[in-house]
Number of protein chains: 2
Amino acid sequence: MSDGEFDLIKSLRESLSLRRLDAAQGLVKGVGDDAAVLRQSAELDTVITTDLLVEDIDFKLTGDEETDASLIGRRAVAVSLSDIAAMGARPRWLLLSVGIPRKLWECGFARTLLSSALSYAAGFGVALVGGDISRTPEHVVVDSIVLGEVERGRAVPRSGAKPGDQIYVTGFLGGAAYTLRDAERQSWHAADGPEGGLREPTPQPRVEFGSIIGSRRLATAMIDISDGLSSDLAHLCRESGVGARVEAASLPLDPVLNRAGLKKSDALSLALHGGEDFELLFTVRPRRANAVEKLRGQVNLTRIGEVTAERGKVRLVHNKRARLLRPGGFEHFGRDEK
Amino acid sequence: MSDGEFDLIKSLRESLSLRRLDAAQGLVKGVGDDAAVLRQSAELDTVITTDLLVEDIDFKLTGDEETDASLIGRRAVAVSLSDIAAMGARPRWLLLSVGIPRKLWECGFARTLLSSALSYAAGFGVALVGGDISRTPEHVVVDSIVLGEVERGRAVPRSGAKPGDQIYVTGFLGGAAYTLRDAERQSWHAADGPEGGLREPTPQPRVEFGSIIGSRRLATAMIDISDGLSSDLAHLCRESGVGARVEAASLPLDPVLNRAGLKKSDALSLALHGGEDFELLFTVRPRRANAVEKLRGQVNLTRIGEVTAERGKVRLVHNKRARLLRPGGFEHFGRDEK
């Protein structure tokens, strides 16, 4: 969801004065985070997210129906799993709404898509429990809904960062965007790696790591950076009412960018704005940084900067100069659309 | 979801042997009912449903953006509320995934759609807690996800009907289908009533009544008949492994059909196959029929027949002859598609 979309739904909710209803219904955190948090029992909160993927907007079909269906199925699930991980929760259940044109229904596209989504989800211990299938006039659409759980009160919002908190990111950045968009492949999902091997383009959401961060209360705020580091860090700052300072030199550039011979500035740009990485970005109180550092064995973990009091401003320190970093990631609508 | 879609997902789940995963994740009832039932606490089960509405399949746009957006918003929510009611549960939370083409985004279509969905849901005490908004190349799509709750173990499945159970239906039948499809209007949503007044085409889901049926354990099986009585009764029989015998003379035909001067056979056909009614059909043990009859004050309630042991066969008794009633309701794919 882009800033414009956030604003729209927030303003609608405010204009309709729904706060009393939210409170009555046990809504802990609603629109404006990776997922909604619902209070349902004394021990656990439920976390739920929905992600709509649309043909020719979020993916293209290459004509290889088997590959297309299978990758779309996995990708749809991965996007939602990543949202649940970004709340510090454990995913448990999946629902899929799938719209497909008649000609693809007839060739078994839906069966392949659902079966790949189902197996992929099962690999994370997540059960497909429902969904809907509809015909569409033309394009494929997939809405992926994942429910998760987290110990009561431990969901990690985007809004808890405080000045002085350390900013961490998992994994490596820019590789997915390079593979998907900049390697001059025809489409994101048939991409060969730069060394000729087939590179698996399904993002690996940080399901296990996210739930550890949540259950151990290690982070003050967390977000997944599927839209790109610059966009998603801006979201986190906005929701937390803070700013941030990021060290360009500390960004964990994907080794693939170097191997492909990219200029440093292009690599940096992909890492900052490319998106598609499905890594987690989170903020940590200085006194909790030690506990976070101990998780390095589980995942590549990099401290990339610090939260500042400069509300809404993200600064990138590069070659000893600090410049304002504008969101350059993917947005469906709005000025920065690609 | 049509029979073909059920079969697809069921066979996929079986081929992947996911039963152990389902059990581990507390899945009480999954694909193949109006909604999935999830065990989350000692007191309550969570019920969740998702419904995908697609432009030119489930609705058409007339060009009056304000009316279109507002009716689609309400209708999407109503469809899902009806599914939750059909499980005997109380709806609590709503998520909406909306895909719209750029030109409609620019004219505020999304704002109107979301705001009408939000107010409509709030009227049932349901809070919008999240969603996703995406661009589409051409058509509007809306996926409506509603979560509800029911006392543990009291969700009413489609699968509990036994021979000898009495079959009841709420409200009146055939009126919605007449208004939407057969009144030779250009589209379902700008339909004037036969007496010239504007007829509200948003179905009124039986939210309150459904939750009473669930919490008082009055029904052995329940389904909403949005696809049409003949189709949905067939679904219920199939899931329960039973048959049914329906008295044509006892069907509660919508008075609008008579006022419009329809032939008796056409009116009957609309009531049986028309769909769009969003009423509830449920089965009751003979010894519980008295308790159900006491609810007549709340809603028009009609006993239309009886469950039989004739597995998978629905018979319609009309002019003293019993004939086989084939499903004629709306299905997205398959033989009976309209």
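Just above sits the structure.
Because the structure is a prediction, the values reported are computed rather than measured. (Residues numbered from 1 in each chain as written. Chains lettered and ligands numbered in written order. Predicted model: local features only at pLDDT ≥ 70, side-chain atom pairs only at ≥ 80, totals over all residues. Heavy atoms only, no water.)

1. Comments concerning the pattern of salt bridges
Residue and element names in this part refer to chain B. Within this structure, the stated rule accounts for 20 salt bridges over all chains. Here R39 makes a salt bridge to D45, at a shortest N to O gap of 2.9 Å. By relative accessible area, which is 1% here, D45 ends up buried. Ionic pairing is found between R206 and E279, a salt bridge with its closest N-O pair at 2.6 Å. One end of the pair, R206, is in the loop between α6 (175–182) and α7 (207–215); the other, E279, is in the loop between α10 (264–273) and β10 (280–284), with 73 residues separating them in the sequence. E279 sits in the buried class, given a relative accessible area of 7%. (Salt bridge = Lys/Arg side-chain N within 4 Å of Asp/Glu carboxyl O. Buried < 20%, exposed > 50% of the residue type's maximum accessible area, 1.4 Å probe, protein only. Helix = DSSP H or I, 4+ residues; strand = E, 2+ residues; numbered from the N terminus.)

2. Some thoughts on helix α5 (residues 109–122) of chain A
Because each turn of an α-helix spans 3.6 residues, side chains separated by three or four positions in sequence point in the same direction. End to end, α5 of chain A covers 20 Å across 14 residues, agreeing with the expected 20 Å (1.5 Å per residue, within 8%). Taken across its 14 residues, α5 of chain A has 10 buried, putting it largely inside the fold. (Expected span 1.5 Å × (residues − 1).)

3. A short note on the packing of helix α3 (residues 65–86) of chain B against helix α5 (residues 109–122) of chain B
Residue and element names in this part refer to chain B. One way to put it is that α3 packs onto α5 with a least axis distance of 7 Å and a crossing angle of 40°. Classed by the angle they form, the pair α3 and α5 counts as oblique. α3 and α5 meet at a crossing whose hand is right-handed. For the pair α3 and α5, contact is made by E65, E66, D68, A69, S70, I72, G73, R74, V77, A78 and L81 and by F109, T112, L113, S116, A117, Y120 and A121, respectively. Of the residues assigned to the contact of α3 with α5, the class counts are 10 nonpolar, 4 polar and 4 charged. (Axes fitted to C-alpha atoms, helices over the stretch in contact; angles between N-to-C directions. Parallel < 35°, antiparallel > 145°, perpendicular 65-115°, else oblique. Left-handed = near helix turned anticlockwise from the far one by under 90°. Contact = heavy atoms within 4.5 Å. Nonpolar A, V, L, I, M, F, W, Y, C, P; charged D, E, K, R; others polar.)

4. Some thoughts on the pairing of strand β4 (residues 90–100) of chain B
All names here are of chain B. With 10 of its 11 residues buried, β4 lies for the most part within the structure. Across 9 bridges, β4 lies against strand β6 (residues 141–151) in antiparallel orientation. Residue pairing across strands places L96 opposite S144, the latter belonging to β6. Direction of pairing for β4 relative to strand β5 (residues 127–135): parallel, over a ladder of 8 bridges. Residue pairing in the sheet places L94 in a bridge with L128 of β5. (Pairing = 2+ DSSP bridges.)

5. Quick word on the pairing of strand β2 (residues 36–39) of chain B
All names here are of chain B. In this structure, β2 lies alongside strand β3 (residues 44–54), joined through 4 bridges in antiparallel fashion. By the bridge assignment, A36 is partnered in β3 with I48. As consecutive antiparallel partners, β2 and β3 are separated by 4 residues.

6. Here we look at unusual backbone geometry
Residues and elements named next belong to chain A. Its identity is not glycine, yet R217 carries a phi of approximately 50°, on the positive side. With respect to the helices and strands, the residue R217 is situated in the loop between α7 (207–215) and β8 (221–224). Phi is positive for F278, which is not a glycine, with a value near 55°. Along the chain, the position of F278 falls in the loop between α10 (264–273) and β10 (280–284).

7. Some remarks on the packing of aromatic side chains
Overall, the coordinates contain 6 aromatic pairs over all chains when judged by the stated rule. Between Y120 of chain A and F124 of chain A the ring centres are 5.2 Å apart and the planes differ by 65°, which places this aromatic pair in the edge-to-face class. Consider the rings of Y168 of chain B and F282 of chain B, whose centres lie 5.7 Å apart with planes at 15°: the pair is stacked. One end of the pair, Y168 of chain B, is in strand β7 (residues 166–170); the other, F282 of chain B, is in strand β10, with 114 residues separating them in the sequence. What makes Y168 of chain B buried here is its relative accessible area of 1%. The exposure class assigned to F282 of chain B is buried, which follows from its relative accessible area of 0%. An aromatic cluster of three or more residues is present, and its members are Y168, F209 and F282 of chain A. (Phe/Tyr/Trp six-rings, centres within 6.5 Å; stacked < 30°, edge-to-face > 60°.)

8. Some thoughts on helix α3 (residues 65–86) of chain A
For α3 of chain A, with 22 residues, the first-to-last C-alpha span of 32 Å sits near the 32 Å given by 1.5 Å per residue. Positive phi appears at G88 of chain A, one or two residues downstream of α3 of chain A, with a value of about 75°.

9. Re a negative patch on the surface
Together, D56 and E138 of chain A together with D56 and E138 of chain B make up a negatively charged patch on the protein surface. If you trace the backbone, E138 of chain B turns up in the loop between β5 and β6. (Patch = residues over 30% accessible without salt bridge, like charges linked within 9 Å, V, L, I, M, F, W, Y side chains within 5 Å. Areas by Shrake-Rupley, 256 points an atom, 1.4 Å probe, with all protein chains shown as cover. Lys, Arg positive; Asp, Glu negative; His and termini not counted. Charge placed at Lys NZ, Arg CZ, Asp CG, Glu CD.)

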